[in-house]
Amino acid sequence: RAKEQGKNRYLYFSDEMNAANAHRLHLENELRLALEHRQLALHYQPQIDLDSGRIIGVEALARWRHPTLGWISPAEFIKIAEETALIVPLGRWVLETGCRQVGAWRAAGLPPLRMAINLSPVQFTEHSMADCIEAVLRETGLDPRLLELELTESLLMRNVEESIGTLRALRAMGICLAVDDFGTGYSSLSYLSRFPVTTVKIDQSFTRELTSDPNVAALVRSIISMAHELRLRVIAEGVETEGQLNFLANHRCNEVQGYFLGKPLPADEFIDFYRRFDRLAARRGGGDSEER
Ligand code: C2E
Ligand code: MG
Ligand code: MG
Ligand code: MG
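Because the structure is a prediction, the values reported are computed rather than measured. (Residues numbered from 1 in each chain as written. Chains lettered and ligands numbered in written order. Predicted model: local features only at pLDDT ≥ 70, side-chain atom pairs only at ≥ 80, totals over all residues. Heavy atoms only, no water.)

S.K.: Tell me what's going on with the coordination of the magnesium ion (ligand 3), and back it up with residues and numbers.
M.R.: Coordination of the magnesium ion (ligand 3) by the protein is provided by Asp-180 (OD), Asp-181 (OD), Glu-237 (OE) and Glu-237 (OE), with metal-donor distances spanning 2.1 to 2.5 Å. Expressed as a motif, the donor residue spacing for the magnesium ion (ligand 3) is D-D-x55-E. A gap of 3.8 Å separates the magnesium ion (ligand 3) and the magnesium ion (ligand 2), which Asp-180 links by coordinating each metal. One end of the pair, Asp-180, is in strand E6 (residues 176–182); the other, Glu-237, is in the loop between strand E8 (233–236) and helix H11 (242–250), and 57 residues separate them in sequence. The pair formed by Asp-180 and Glu-237 is uniform in burial state, with each residue classed as buried. (Donors = N, O, S within 2.8 Å, 3.2 Å for Na, K, Ca; no water. Helix = DSSP H or I, 4+ residues; strand = E, 2+ residues; numbered from the N terminus. Buried < 20%, exposed > 50% of the residue type's maximum accessible area, 1.4 Å probe, protein only.)

Here it is in C-alpha cells:
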C-alpha cells in the first residue's frame, strides 16, 4: 500500500511537471510570435544624478502584455528567452529600440539621455555581440558614450579572460559598462578592479535595508567608497523612500533609481515626466547637492 501511495505521488508530481512544461512551451511559442508581431515594449525608468538633481539617463526594461494572459514579468519571459535561442533576436530588438529612442526624445526637445540596456549572459557569449552592438550604434546614430550596458556578476565570472577581452572592445568604442545587481553574486570588490567597467549598480536588496539594518548601511558605505577608489560611478537601484535617498546622497552615491524617484514608463509618458521633473529640479536649484 505504501508503495502504491508512493507511486501515486510520483504520478501526481509528474503530471504537475508536464503541466509546467506545457505552459512553458506555450509561452515560448507565444513569445516568438510576440517578437515577430512587435508585441513587446520597452519602458524607461529615470536615473537621477545626485549632484545636479536631474535625470541623466534611463534604464530600458522589457515589457510583454499577452492578449489573453495579460502582463508577463520579464523575470519569467527573459528566462524562457535565455533557455531558447530567442534572447538573441529579443536582445537585439531591445538594443535597437532603446538606442533609437534617445534620438526620438531629442527630436521631441529632450536633452541627450544615457540609455542603459540589460544584457543577458547568453547574448554576451555570442561571438558576434560586439559587432552587433557596433552595427546598432551605426544604424541608430547614437553616441556610444550614451550607451550603458548592464552586465551581471555571473556573466562576468563565467569566462573571465574572454569577458575581459569583450569588455575592452566595448570600452574602446566608448560604451559605458555597469555591473548590475552588485553584491548579490560571488564576486568581491577587489575582483571588480580586474574588469574594465565604469559603473556599479547597488542591488535593490541592499537599498531596501539601508535605513533599517546598520550592517547593510556599513556595507553600502564601503561599496561606495571602494568603487570611488577604483574611479567607478555608483548607482543605487530600488530607492523607495526619502530616507534611503538621503542616506545615499549623504554618502556620495552618484546616481539613484527607484519608485521614489520614478517608475518605468512608456516612451511617450516619459517625455511629460521628464519635463515635470526638470521643472521641479530647476526650482530646487541643483537638487540637494549643497546639503552635502
Ligand atoms: P534589473 O535590471 O535589476 O532591473 C531592475 C528591476 O527593479 C526592474 O524590474 C524594475 O522595474 C524594478 N524596480 C525599479 N525600481 C524599483 C523600486 O523602487 N522597488 C522595487 N521593488 N523594484 C524596482 P523588472 O522590470 O521586472 O525587470 C526584472 C529583471 O528582468 C531586470 O532586473 C533584468 O534583469 C531583467 N530584464 C528586464 N528587461 C530586460 C531586457 O531587455 N533584457 C534582459 N536581458 N533582461 C531584462
Ligand atoms: Mg538592470
Ligand atoms: Mg538591477
Ligand atoms: Mg535586479
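Moving on from the model shown.
S.K.: Talk me through the site of ligand 1; I want residue IDs and the actual numbers.
M.R.: Every one of the 22 residues lining ligand 1 counts as a neighbour, but Arg-63, Asn-118, Asp-180, Glu-240 and Tyr-259 are closest to it. For ligand 1, an oxygen atom lies 2.9 Å from a polar atom in the side chain of Asn-118. A distance of 3.0 Å separates an oxygen atom of ligand 1 from a polar atom in the side chain of Gln-204. Elements with a minimum of two residues in the shell around ligand 1: strand E2 (54–66), helix H2 (74–83) and E6. Sort the elements by how many residues they give to the shell around ligand 1 and E2 lands first, with four residues. (Near = heavy atom within 4 Å. Polar contact = N/O pair within 3.5 Å; in protein donor to acceptor, adjacent residues only side chain to side chain.)

S.K.: Before we move on, can you summarise the pairing of E8 with the specific residues and values?
M.R.: With burial as the criterion, each face of E8 is covered, one bearing Arg-233 and Ile-235 and the other bearing Val-234 and Ala-236. As defined by bridge partners, strand E7 (residues 199–202) adjoins E8 across four bridges and the pair is classed as parallel. Paired with Thr-199 across the strands is Arg-233, a residue of E8. Each parallel crossover has a hand, and for E8 linked through H11 to strand E9 (residues 255–256) it is right-handed. (Pairing = 2+ DSSP bridges. Right-handed = clockwise from strand over helix to strand, strands pointing away.)

Treat this as a map of the structure, not an account of what it does.
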